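The chain contents come next:
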2 protein chains.
Amino acid sequence: MKMISTDLIKGSLKTIVLKVLKENGRMYGYEITRKVEELTAGQIKLTYGALYPVLHKLEHEGVLVTESENYNNRLRIYYSLTEKGESVVTEKIREMKEFIDSLQNIVNPQPGLNHA
Amino acid sequence: MKMISTDLIKGSLKTIVLKVLKENGRMYGYEITRKVEELTAGQIKLTYGALYPVLHKLEHEGVLVTESENYNNRLRIYYSLTEKGESVVTEKIREMKEFIDSLQNIVNPQPGLNHA
DNA sequence: TCATATATGTAAGTAACTTATATATTGCAA
DNA sequence: TTGCAATATATAAGTTACTTACATATATGA
């Protein structure tokens, strides 16, 4: 099973990260990539070069907060949504659902259902 | 109803154009943007600065061919899929369907359905 | 007469990524 | 005991698919 082209995924990263955090509460970066892989049956694999900068940016914007911990001599930086983050993710998900609907109307058009 | 953020749409443009051309046969650029707007209830509006370069590129790659015509003193350049284009669009649609499935598994996770 | 719709096009700029690189520990297999 | 895969985070340089702005021209309706 071929992976999805990165061009398609590009743009969805932030929403994906936030939604996974909303579902699972506190998570660390590495864990997020694994969760996304699991949810998408390996179709979407986040790269760390994309993930960490996004997490830092979201923290800087006050959407996420961090807690550092040590597990088995390995640093883990847990991220969780702030109150602001909760409302951001709600809006992002709404938008993504509309996006999915739009794509579905294109790949699987229902004749007569849309007439502008 | 707010439009979908361009970041999300970015990456889907090529597939959208090709799929619409597959459904409707011969179309000109302006017509394509209108059709996409119609199909997505105004959610996705292609910009000409993105559309025309993509059409030219796809023509250059042998995915599309053009026929110029004059309608009401206005130039219309009709695009249609080549044989190569047909197989390209089939693959693109397959990929987009997987993408939609993946996004759906994220925004609407089904517990217990995915276990890696 | 003036805005809106129709129709195509290019050039400059942005930013969200990818790819490559860096570091360090654990655990398992050869 | 050596060496690779997995775990864990991170930055820097480069790419590219777009957006925004600009350019041109006709038809149509207010």
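The following refers to the structure shown. In this text, all values refer to a predicted model and were calculated from it rather than measured experimentally. (Residues numbered from 1 in each chain as written. Chains lettered and ligands numbered in written order. Predicted model: local features only at pLDDT ≥ 70, side-chain atom pairs only at ≥ 80, totals over all residues. Heavy atoms only, no water.)

### Considerations on the protein's contact with DNA strand D
Around DNA strand D, the structure places 27 residues, and the nearest of them are Tyr30(A), Arg34(A), Tyr52(A), Gly11(B) and Arg74(B). In the interface set of DNA strand D, defined as its atoms within 4 Å of the protein, sugar plus phosphate atoms amount to 76%. Contact distances for DNA strand D include 3.5 Å between a phosphate oxygen and a side-chain N or O atom of His56(A). With respect to DNA strand D, the backbone of Gly11(B) contributes an N or O atom lying 2.2 Å from a phosphate oxygen. Grouping the amino acids of the surface near DNA strand D by side-chain chemistry returns ten nonpolar, ten polar and seven charged. (Near = heavy atom within 4 Å. Polar contact = N/O pair within 3.5 Å; in protein donor to acceptor, adjacent residues only side chain to side chain. Nonpolar A, V, L, I, M, F, W, Y, C, P; charged D, E, K, R; others polar.)

### Comments concerning the protein's contact with DNA strand C
The local shell around DNA strand C holds 28 residues, among which Gly11(A), Arg74(A), Tyr30(B), Arg34(B) and Arg76(B) are the closest. A share of 75% is what sugar and phosphate atoms reach among the atoms of DNA strand C within 4 Å of the protein. Interatomic distance of 2.7 Å between a side-chain N/O atom of Arg74(A) and a sugar or linking oxygen of DNA strand C. Arg76(B) places a polar side-chain atom, nitrogen or oxygen, 2.7 Å from a phosphate oxygen of DNA strand C.

### Notes on the pairing of strand β3 (residues 74–81) of chain B
All names here are of chain B. Of the pairings in the sheet, the one linking strand β1 (residues 27–28) to β3 comprises two bridges and is antiparallel in character. Bridge pairing links Met27 to Tyr79 in β3. Taken together, the eight bridges between strand β2 (residues 64–71) and β3 define a ladder with antiparallel strand orientation. If you follow Val65 over to β3, its bridge partner there is Ser80. Count of turn residues in the β2/β3 antiparallel hairpin: two residues, of which Asn72 carries a positive phi of about 55 degrees. (Pairing = 2+ DSSP bridges. Helix = DSSP H or I, 4+ residues; strand = E, 2+ residues; numbered from the N terminus.)

### Side note on helix α2 (residues 13–24) of chain B
All names here are of chain B. Here α2 is twelve residues long and its end C-alpha atoms lie 17 Å apart, about the 16 Å a rise of 1.5 Å per residue gives. Along α2, the residues that are buried comprise Leu13, Thr15, Ile16, Val17, Leu18, Lys19, Val20 and Leu21. One or two residues past the end of α2 sits Gly25, with phi positive at roughly 70 degrees. (Expected span 1.5 Å × (residues − 1). Buried < 20%, exposed > 50% of the residue type's maximum accessible area, 1.4 Å probe, protein only.)

### Notes on the packing of aromatic side chains
All names here are of chain A. Evaluation of the coordinates by the stated rule reveals six aromatic pairs over all chains. Ring centres 6.1 Å apart and planes at 15 degrees place the aromatic pair Tyr30 and Tyr48 in the stacked group. In this pair, Tyr30 is assigned in helix α3 (residues 29–39) and Tyr48 in helix α4 (residues 48–60), connecting sequence segments 18 residues apart. Tyr30 gets classed as partly exposed once you look at its relative accessible area, which sits at 42%. A residue is classified by how much of its surface remains accessible, and Tyr48, at 39% relative accessible area, is partly exposed. (Phe/Tyr/Trp six-rings, centres within 6.5 Å; stacked < 30°, edge-to-face > 60°.)

### Some thoughts on the nonpolar core
Membership of the largest hydrophobic core comes to 62 residues, with the highest contact counts inside it found for Ile32(A), Leu64(A), Ile32(B) and Leu64(B). If sequence neighbours within four positions are ignored, Ile32(A) has contacts with Val17(A), Leu21(A), Met27(A), Leu46(A), Leu51(A) and Leu55(A). (Core = buried A, V, L, I, M, F, W, Y, C linked by side-chain atoms within 4.5 Å. Contact = heavy atoms within 4.5 Å.)

### Quick notes on the interface of chain B and chain A
The partner chain A presents 38 residues to the 38 residues of chain B that form the contact. Around 3,700 Å² of area is buried between chain B and chain A when both sides are counted, 69% of it from carbon and sulfur atoms. Contact with chain A buries surface across chain B, with Leu8(B), Ile106(B) and Val107(B) losing the most and accounting together for 19% of the total. Put simply, chain B and chain A have zero salt bridges between them. At the junction of chain B and chain A, the tally comes to five residue pairs in polar contact (both at pLDDT 80 or more). Secondary-structure elements contributing two or more residues to the side of chain B that touches chain A are α1 (6–9), α2, α3 (29–39) and α5 (83–107) of chain B. Of the residues forming the side of chain B that touches chain A, the biggest block, 14 residues, is contributed by α5(B). (Buried area = accessible area lost by both parts, 1.4 Å probe. Salt bridge = Lys/Arg side-chain N within 4 Å of Asp/Glu carboxyl O.)

Function cannot be read off these values alone, since they describe shape.
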